[in-house]
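# Coordinate inspection notes
Below are the chains, spelled out letter by letter.
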Amino acid sequence: MHLGRFNSTESINAVGAFLKTAIIIYESKYGNTEQVAQEIAAGMEEAGKISCTLSKPKDLDPAEVTKFDAILFGCPVHMNRATRGIRGFIKKVGKAGIKRKTGALFETYMGTHNGKAIESMKAVVRNKVPGITLVSEGLSAEVMEMKGPLHEAEALTARDFGRDLGKKLLE
Ligand SMILES: Cc1cc2nc3c(=O)[nH]c(=O)nc-3n(C[C@H](O)[C@H](O)[C@H](O)COP(=O)(O)O)c2cc1C
């Protein structure tokens, strides 16, 4: 798993041609969505020969995203929708010329099940990045309070979500 600032040359060379690659792009104000992103990455890598890179939109050139087999987007629910940063980044990815990619979305929310960030990211992906095929309904993970922590079951659920996604990517 690659964390922090994304360096395409290093990670692609280290990965080798036989591996599938995934990039998980997320925003996280308090760290909970980041934790979900890390669990999804761990689950995907457990599924087989997959290498995951995690990045925040501000650290990533949208053109780099074209190099990966799978593209995931995640963010917390803010005011009943996805964060402005992730929506803006998805639009930029759309301009980079994405073709035949596997995709999935995830969110963290507080209180009753929400789904609103996934819904708004889904609309942007469908309208602006038709080259990404979403292969799951997406993962909604609950936080206990505004700043977290994650509900205790959610880390395992995120890992399972990643594993299932990994299997689909390797099919
Ligand atoms: C400005 C703001 C608006 C929020 N609006 C919602 C909301 O509409 N619905 C909801 O379920 N949670 C809402 N939350 C709670 C966030 O979902 C929660 O802080 C987030 O899941 C924590 O994830 P993070 O640690 O990755 O930031 C809001 C939080 C903030 C800071």
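The structure reproduced in this document is the subject of the present report. (Residues numbered from 1 in each chain as written. Predicted model: local features only at pLDDT ≥ 70, side-chain atom pairs only at ≥ 80, totals over all residues.)

What follows concerns the overall build of the protein. Of regular secondary structure, the protein possesses five helices and six strands. Expected size for 171 residues packed as a compact globule is a radius of gyration near 16 Å; at 15 Å, the protein falls within 12% of this value. Over its C-alpha atoms, taken along the principal directions, the protein stretches across nearly 45 × 30 × 30 Å. Residues classed as buried in the protein amount to 42% of the 171 residues present. For the protein, long-range pairs separated by at least 24 residues make up 82% of all intrachain contacts whose partners lie at least 6 apart in sequence. (Helix = DSSP H or I, 4+ residues; strand = E, 2+ residues; numbered from the N terminus. Rg over C-alpha atoms; globule rule 2.2 N^0.38 Å. Buried ≥ 20, exposed ≤ 12 C-beta atoms within 10 Å, placed from the backbone. Contact = placed C-beta atoms within 7 Å.)

With that settled, consider the site of the ligand. Looking at the ligand, there are 19 residues lining it, with Ser28, Tyr30, Asn32, Thr33 and Pro76 nearest. For the shell around the ligand, the secondary structure elements donating two or more residues are α2 (32-46) and β4 (101-110). Broken down by element, the shell around the ligand gets its largest block of residues, three residues, from β4. A per-class count over the shell around the ligand returns eight nonpolar, ten polar and one charged. (Near = placed C-beta within 6 Å. Nonpolar A, V, L, I, M, F, W, Y, C, P; charged D, E, K, R; others polar.)

Our next topic: the pairing of strand β3 (residues 70-76). Judged by how many residues are buried, β3 sits mostly within the fold: seven of seven residues are covered. With burial as the criterion, each face of β3 is covered, one bearing Ala70, Leu72, Gly74 and Pro76 and the other bearing Ile71, Phe73 and Cys75. In terms of strand pairing, β3 meets β4 through seven bridges, oriented parallel. Within the sheet, the bridge partner assigned to Cys75 lies in β4 and is Glu107. With helix α3 (residues 84-94) bridging β3 and its parallel neighbour β4, the resulting β-α-β unit is right-handed. (Pairing = 2+ DSSP bridges. Right-handed = clockwise from strand over helix to strand, strands pointing away.)

Our focus in this paragraph is the pairing of strand β1 (residues 20-26). Counting buried positions along β1 yields five of seven residues, so the element is predominantly enclosed. Bridge count for β1 against strand β2 (residues 50-55) is six bridges, and the pairing is parallel. Along β2, the bridge assignment pairs Ile25 with Ser55. As a crossover connection, the stretch from β1 through α2 into β2 is right-handed. In terms of strand pairing, β1 meets β3 through five bridges, oriented parallel. Each bridged residue has a counterpart across the sheet, and for Tyr26 the counterpart in β3 is Gly74.

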